Amino acid sequence: MKRLRASILMGIAAWLGRRPLPVLERLSRSLGRLAWVALPQRRRVTLRNLEACFPELDPPAREALARRTFASVAMGFLETFVGWYGDPGQWRGRVEIVGLEHLECPEGRGALLLTGHFSCIELAGRMLNDAFREPAAMVVRGQQRNEHVEAQVEARRTSHASESVPKKSVRRMLQILRSGGRLMYGPDQNFTTGAVFAPFFGVAAATPTATASLVERAGARVLPTWGIREPGPRYRIVIDAPWEDYPSGDPLTDATRLNAWIEDRVREAPDQYLWLHRKFRNRPDGEPPFYAAADRRSKHR
């Protein structure tokens, strides 16, 4: 039965992933409206995040931004299938990639392509790997509950990435970077261990110290990389110049720098960030819970 469910689900994903992007963009608006009604907990989390991070907005403006976020997340959901099953012809002429020259490194050092959880993250990863002479590996979160779905997801991701690396496999990340490889990594979600509290839009956020440690131990470069969706849809992906003086030796300084960079990117396209995530779930000692009790009890992020 699990195999049958996996075949049905991934068959639907494959069909959607081969649709034209403008068609999916129109579909995402309807899916976003449906999700707004069907996911009350995620709606409350999103509004709470926006209330804290954009206090200058009045409630109607925050709700409008939240609704746009749901539509963007829905598009990101569909774009994931395009990244897995699509053909480059679907986005030919729709993508601008800036900064590919920063990948060149005469010393042969590895590159950590540091990114944030923007809604088109999966498709942007596919677009980048299609543009690279040597594809990058991708850090991914935990496995799917259905092992048959997991096997197919893994196969689709590694059809363009050199490999997918579970986020807890630090040893493998080090091996890739030390061998001069490239690794895509988005460390901007809530962390429960190995974190310091650094500001994000003025709110203390549990931010990993492992990112700086990984870079230091591997002797790698950090290339901040991000992609956003523009009307059309079109996509702009930017690889910034390597960070200098990172890591600095001070975990809080490094975490603050990471959050500040992501915050600047978010301000350019605020509806495309993953505000549905409980980013401020962990709090500094003595601080009250950030989210309502009903939203804290969820097993989901």
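This text follows the structure it describes.
**Observations concerning the pattern of salt bridges**
Consideration 1: Scanning the entire structure with this criterion turns up 12 salt bridges.
Consideration 2: Between Glu-263 and Arg-267 there is a salt bridge, with the nearest N and O atoms lying 3.1 Å from each other. Of this pair, Glu-263 and Arg-267 are both found in helix α9 (residues 251-268), four residues apart, which corresponds to roughly one turn of the helix.
Consideration 3: According to the relative accessible area criterion, Glu-263 is buried, its value standing at 16%.

**Focus: the nonpolar core**
Consideration 1: Counting residues in each nonpolar core, the largest one holds 48 residues, and the members touching the most others are Leu-112, Leu-183, Phe-200, Val-266, Trp-275 and Phe-280.
Consideration 2: Not counting residues up to four positions away in its chain, the partners in contact with Leu-183 are Ala-111, Leu-112, Leu-113, Ala-136, Ala-137, Met-138, Val-139, Val-165, Met-173, Ile-176, Leu-177 and Leu-214.
Consideration 3: Judged by nonpolar contacts, the second largest core, of 34 residues, contains Leu-16, Leu-24, Met-75 and Ile-237.

**Considerations on the pairing of strand β2 (residues 111-114)**
Consideration 1: Alternating positions in β2 separate into two faces, Ala-111 and Leu-113 on one and Leu-112 and Leu-114 on the other, with burial throughout.
Consideration 2: By the bridge criterion, four bridges tie β2 to strand β5 (residues 182-185) in an arrangement that is parallel. Bridge pairing in β5 links Leu-113 to Met-184.
Consideration 3: Pairing analysis gives four bridges linking β2 to strand β8 (residues 221-230), with the strands arranged parallel. Within β8, the residue paired with Leu-112 across the bridge is Val-222.

**Describing the packing of helix α3 (residues 40-53) against helix α4 (residues 59-85)**
Consideration 1: It is at 10 Å that the axes of α3 and α4 come closest, and there the two elements cross at 125 degrees. Considered as vectors, α3 and α4 are oriented oblique to each other. As for the relative orientation of α3 and α4, their crossing is right-handed in sense. Contacts from Arg-42, Arg-43, Thr-46, Leu-47, Leu-50 and Glu-51 of α3 reach α4 at Arg-62, Glu-63, Leu-65, Ala-66 and Phe-70.
Consideration 2: Considered class by class, the residues forming the contact of α3 with α4 number five nonpolar, one polar and five charged.

Each value, and the rule that gives it
Residues numbered from 1 in each chain as written. Predicted model: local features only at pLDDT ≥ 70, side-chain atom pairs only at ≥ 80, totals over all residues. Heavy atoms only, no water. Salt bridge = Lys/Arg side-chain N within 4 Å of Asp/Glu carboxyl O. Helix = DSSP H or I, 4+ residues; strand = E, 2+ residues; numbered from the N terminus. Buried < 20%, exposed > 50% of the residue type's maximum accessible area, 1.4 Å probe, protein only. Core = buried A, V, L, I, M, F, W, Y, C linked by side-chain atoms within 4.5 Å. Contact = heavy atoms within 4.5 Å. Pairing = 2+ DSSP bridges. Axes fitted to C-alpha atoms, helices over the stretch in contact; angles between N-to-C directions. Parallel < 35°, antiparallel > 145°, perpendicular 65-115°, else oblique. Left-handed = near helix turned anticlockwise from the far one by under 90°. Nonpolar A, V, L, I, M, F, W, Y, C, P; charged D, E, K, R; others polar.

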